[in-house]
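# Residue-level structural notes
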Amino acid sequence: MFLPIYRQDFTREKKAEEIMDSMEKIQYGGSFLLAPVPVVLVGCAHEELGKNLITIAWTGVDCSDPMMLHISVRPSRYSYRMIRESGCFTVNIPSADILEAVDYCGIVSGSKVDKFEKCGLTAVDGLKVSAPLVKECPINLECEVKDVIELGLHHMFIGTVVEKHVRKRCMSPKGTIDPEKVGFISYVHGEYWSLGSRLERAGFSMGSR
Ligand SMILES: Cc1cc2nc3c(=O)[nH]c(=O)nc-3n(C[C@H](O)[C@H](O)[C@H](O)COP(=O)(O)O)c2cc1C
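Small disclaimer: the values here were computed from a predicted structure and weren't measured. Residue positions are counted from 1 within each chain, in the order its sequence is given. Predicted model: local features are reported for residues with pLDDT of at least 70 only, side-chain atom pairs are reported and counted for 80 or more only, and whole-chain, interface and lining totals are derived from all residues.

## A closer look at the sheet that holds strand β4 (residues 59-63)
Put simply, the rule is: The pairing criterion is simple: DSSP has to find at least two bridges between the two strands. By definition, any uninterrupted DSSP run of H or I lasting at least four residues is a helix, any uninterrupted run of E lasting at least two residues is a strand, and each is numbered from the N terminus. Angles shown run from 0 to 180 degrees and are taken between the N-to-C directions of axes, each axis being a line fitted to C-alpha atoms and, for helices, limited to the stretch in contact. Two residues form a contact once the distance between their C-beta atoms, set from the backbone, is within 7 Å.
Ordered in space as β3-β2-β6-β9-β10-β5-β4, the seven strands form an open sheet in which the pairing is antiparallel. Of all strands in the sheet, those bounded by a partner on one side alone are β3 (50-56) and β4. The sheet shows a mean angle of 35° between the axes of neighbouring strands, direction not considered. Across six bridges, strand β6 (residues 88-93) lies against strand β9 (residues 139-150) in antiparallel orientation. Residue pairing in the sheet places Val91 in a bridge with Leu141 of β9. Of the strands in this sheet, β2 (40-46), β3, β5 (68-73), β6, β9 and β10 (155-166) are in contact with helix α2 (residues 78-86), which crosses β2 at around 65°.

So this is what it looks like as structure tokens:
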């Protein structure tokens, strides 16, 4: 069992300023600091409500085997019921050339407009799930909902990745994904950023391949 550690004893409180000064940092009271994070277009479908897209930044990888990821969605979103009741969703990784559509799908609700039509995006049937894939996104992941954790303002859908698609021209001759050809978008403190340049391969510090 884990016990929470509270650093609220008087000695530490008195020392807080000293510690902050020594690190040349401030105690930040603003929004979430975990950035950059991916920004994705999540596709969903529902027998009564039709198909929809929602822009999601609260997402991430959770397990390699079986492959699992999560998306965190507010219950107030139109997409929420669609994902909850259909038990599936797709994660479509956009490139910078459809940034305006990504932003639009994160501002306007599918209860008011058909976002596929409005953004000129093409819905393609998933191979394994009933949620739509976005053709214009270079990478698509089909997911089955394994669990829903009601965390608070957001509910976390944990999805098992049951199928993956990558645009042919985004593959390198070595059979890996070429990040430059994908054109990844990151979400950083309320703004969209592209990737910078390549630094090194993982494991380089040990000289491993
Ligand atoms: C960059 C960006 C990231 C977002 N990330 C999330 C998120 O992680 N979870 C969420 O519930 N809403 C998020 N939103 C808000 C929804 O995308 C937005 O409310 C959308 O219009 C909901 O669509 P729907 O009502 O059709 O489901 C984000 C919006 C933007 C612009």
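Next comes the rest of the write-up.
## Re the pairing of β5
Pairing geometry for β4 and β5, over four bridges, is antiparallel. If you follow Thr59 over to β5, its bridge partner there is Ile71. Count of turn residues in the β4/β5 antiparallel hairpin: four residues. With six bridges joining them, β5 and β10 adopt antiparallel strand pairing.

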